[in-house]
Amino acid sequence: MEKLIITAAICGAEVTKENNPNVPYTVEEIGREAESAYKKGASIIHLHVREDDGTPTQSKDRFKACIEEIKNRCPDVIIQPSTGGAVGMSDEERLQPTELYPEMATLDCGTLNFGGDEIFVNTENTIKNFAKIMNERGIKPEIEVFDKGMVDYAIRFHRQGFIKAPMHFDFVLGVQMTASARDLAFLVDSIPQGSTWTVAGVGRHELPMAALGIVMGGHVRVGFEDNVYLEKGVLAKSNGELVEKVVRLAKELGREIATPEETRKILGLR
Ligand code: KMH
Ligand code: ZN
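Residues numbered from 1 in each chain as written. Chains lettered and ligands numbered in written order. Predicted model: local features only at pLDDT ≥ 70, side-chain atom pairs only at ≥ 80, totals over all residues. Heavy atoms only, no water.

(A) The site of ligand 1, seen in detail. Residues in contact with ligand 1 amount to 14 residues; listed here are only the nearest, Glu14, Ser82, Gly85, Thr106 and Asp108. In this structure, Gly85 approaches ligand 1 through a main-chain N or O atom, which is 2.8 Å from a nitrogen atom. At a separation of 3.0 Å, an oxygen atom of ligand 1 approaches a polar side-chain atom of Glu225. Burial of ligand 1 by the protein chains amounts to 98% of its free accessible area of 300 Å². Here the residues of the shell around ligand 1 are counted per class, giving four nonpolar, six polar and four charged. (Near = heavy atom within 4 Å. Polar contact = N/O pair within 3.5 Å; in protein donor to acceptor, adjacent residues only side chain to side chain. Areas by Shrake-Rupley, 256 points an atom, 1.4 Å probe, with all protein chains shown as cover. Nonpolar A, V, L, I, M, F, W, Y, C, P; charged D, E, K, R; others polar.)

Written as structure tokens, this is what we have:
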């Protein structure tokens, strides 16, 4: 089986220090968390950034500062900024990190409920526009899939020329769609041959989904954005602890871990 790509979603936009005091806000804290994940085996950092008080921001300058901090600590790691940002941000705000020409960025392929009264809006025109801009800037999209219809959108937009093949999907399970083995198998079965995929289980689903990703030949995302617990009732001290757990599991199950260079080859990054 292909080597395992581990993505660390170190920060997110919703989780706070009240949930886990180790959630990073400052540039230094973001660098620290990226380094902890990288040192344990993460080759991709899925990146949201915050103001020092924890407010989520898509500011180009803040992304630039955080990317520099991460690159100083982990020179070869792949940085994947979020273009999802936080619920309620405008498309223009969300697109700012693409002006830094990162190797990858997320492409959210549909609208979904995001708890309470929150709706994370991605209209067809938003998705097409984001895909077009990423294409022009040489950025490989990671297609964020929160339910099956989003796979169908991605395939439709690929046929219309907005998203290039081979496509790379991230199945985020436990937000809108449930997180079962059947759900994951259904999604994996629905993507075009030659695509790659990773899975992110939210909350208590993180580790079971990671185990499935490992045995099914996909890849795995973990991190504070999705889950702040190392085990039931025990907060993780760092993103590195969560990555370490996946590495241990992968070793037991016979999957080697991909380095950033190997990850670039697997995903066909520039
Ligand atoms: N924070 C969510 C509203 C992404 O990074 O592209 C969007 C999100 C997905 O986290
Ligand atoms: Zn995200």
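Having seen the structure, we can now continue with the description.
(B) Up close: the nonpolar core. Ranked by internal contacts, the top residues of the largest apolar core, which has 35 residues, are Ile10, Ile45, Leu47 and Ile70. Per element, the largest residue contribution to this core is five residues, and it comes from helix H8 (residues 239-252). (Core = buried A, V, L, I, M, F, W, Y, C linked by side-chain atoms within 4.5 Å. Buried < 20%, exposed > 50% of the residue type's maximum accessible area, 1.4 Å probe, protein only. Helix = DSSP H or I, 4+ residues; strand = E, 2+ residues; numbered from the N terminus.)

(C) Here's a closer look at a nonpolar patch on the surface. Together, Val215, Met216 and Leu253 line one region of the surface with nonpolar side chains, adding up to about 240 Å² of accessible area. Tracing the chain through its elements places Met216 in the loop between helix H7 (206-215) and strand S12 (219-222). Owing to a relative accessible area of 32%, Met216 belongs among the partly exposed residues under this scheme. (Patch = residues over 30% accessible without salt bridge, like charges linked within 9 Å, V, L, I, M, F, W, Y side chains within 5 Å. Salt bridge = Lys/Arg side-chain N within 4 Å of Asp/Glu carboxyl O.)

(D) Up close: the packing of helix H1 (residues 27-40) against helix H2 (residues 60-73). Contact geometry for H1 and H2: axes closest at 9 Å, N-to-C directions at 40°. Compared by their axis directions, H1 and H2 come out oblique. Considering the relative orientation of H1 and H2, their crossing is right-handed. Taken together, the residues of H2 that come into contact with H1 (itself represented by Val27, Glu28, Ile30, Gly31, Arg32, Ala34, Glu35 and Tyr38) are Arg62, Ala65, Cys66, Glu69, Ile70 and Arg73. Class assignment of the residues belonging to the contact of H1 with H2 gives a composition of seven nonpolar, one polar and six charged. (Axes fitted to C-alpha atoms, helices over the stretch in contact; angles between N-to-C directions. Parallel < 35°, antiparallel > 145°, perpendicular 65-115°, else oblique. Left-handed = near helix turned anticlockwise from the far one by under 90°. Contact = heavy atoms within 4.5 Å.)

(E) Region of the structure containing the sheet that holds strand S11 (residues 196-201). Spatially, the eight strands line up as an open sheet ordered S5-S2-S1-S12-S11-S10-S9-S6, and their pairing is parallel. The strands lining the two open edges of the sheet, one partner per strand, are strand S5 (78-81) and strand S6 (104-108). Between one strand axis and the next, the sheet turns by 25° as a mean value, whatever way the strands run. Here strand S2 (residues 44-47) pairs with S5 via four bridges, running parallel. Opposite Ile44, over in S5, you have Ile78 as the bridge partner. With respect to the sheet, helix H9 (residues 260-267) is in contact with S2, S5, S6, strand S9 (140-145), strand S10 (168-173), S11 and S12, its orientation differing from that of S5 by roughly 55°. (Pairing = 2+ DSSP bridges.)

(F) Representation of the coordination of the zinc ion (ligand 2). Protein-derived coordination of the zinc ion (ligand 2) comes from His46 (NE2), His48 (NE2) and Glu225 (OE), at a distance range of 2.1 to 2.2 Å. Read in sequence order, the donor residues coordinating the zinc ion (ligand 2) give the pattern H-x1-H-x176-E. Placement of the pair is His46 in strand S2 and Glu225 in the loop between S12 and strand S13 (229-231), with a sequence separation of 179 residues. Assessed through its relative accessible area of 2%, His46 is described here as buried. (Donors = N, O, S within 2.8 Å, 3.2 Å for Na, K, Ca; no water.)

(G) Main features of unusual backbone geometry. For the bond from Ala165 to Pro166, the omega torsion is -5°, close enough to zero to count as cis. Along the polypeptide, Pro166 turns up in the loop between helix H5 (148-159) and S10. For Tyr101, which is not glycine, the phi torsion reads 50° and is therefore positive. Counting through the fold element by element, Tyr101 comes out in the loop between helix H3 (91-95) and S6.

(H) Examining the packing of H7 against H8 more closely. Where H7 meets H8, the closest approach of the two axes is 10 Å, and the angle between their N-to-C directions is 40°. Judged by the angle between their axes, H7 and H8 are oblique. The two elements H7 and H8 cross, and the hand of that crossing is right-handed. For the pair H7 and H8, the contacting residues are Glu206, Leu207, Ala210, Ala211 and Ile214 in the first and Leu242, Lys245, Val246, Leu249 and Ala250 in the second.

(I) Representation of the confidence of the model for the protein in the model. On average, residues of the protein carry a pLDDT of 98, and 100% of them reach 70 or more. Among the scores for the predicted complex, ipTM is 0.99 and pTM is 0.98. (pLDDT = per-residue confidence, 0-100.)

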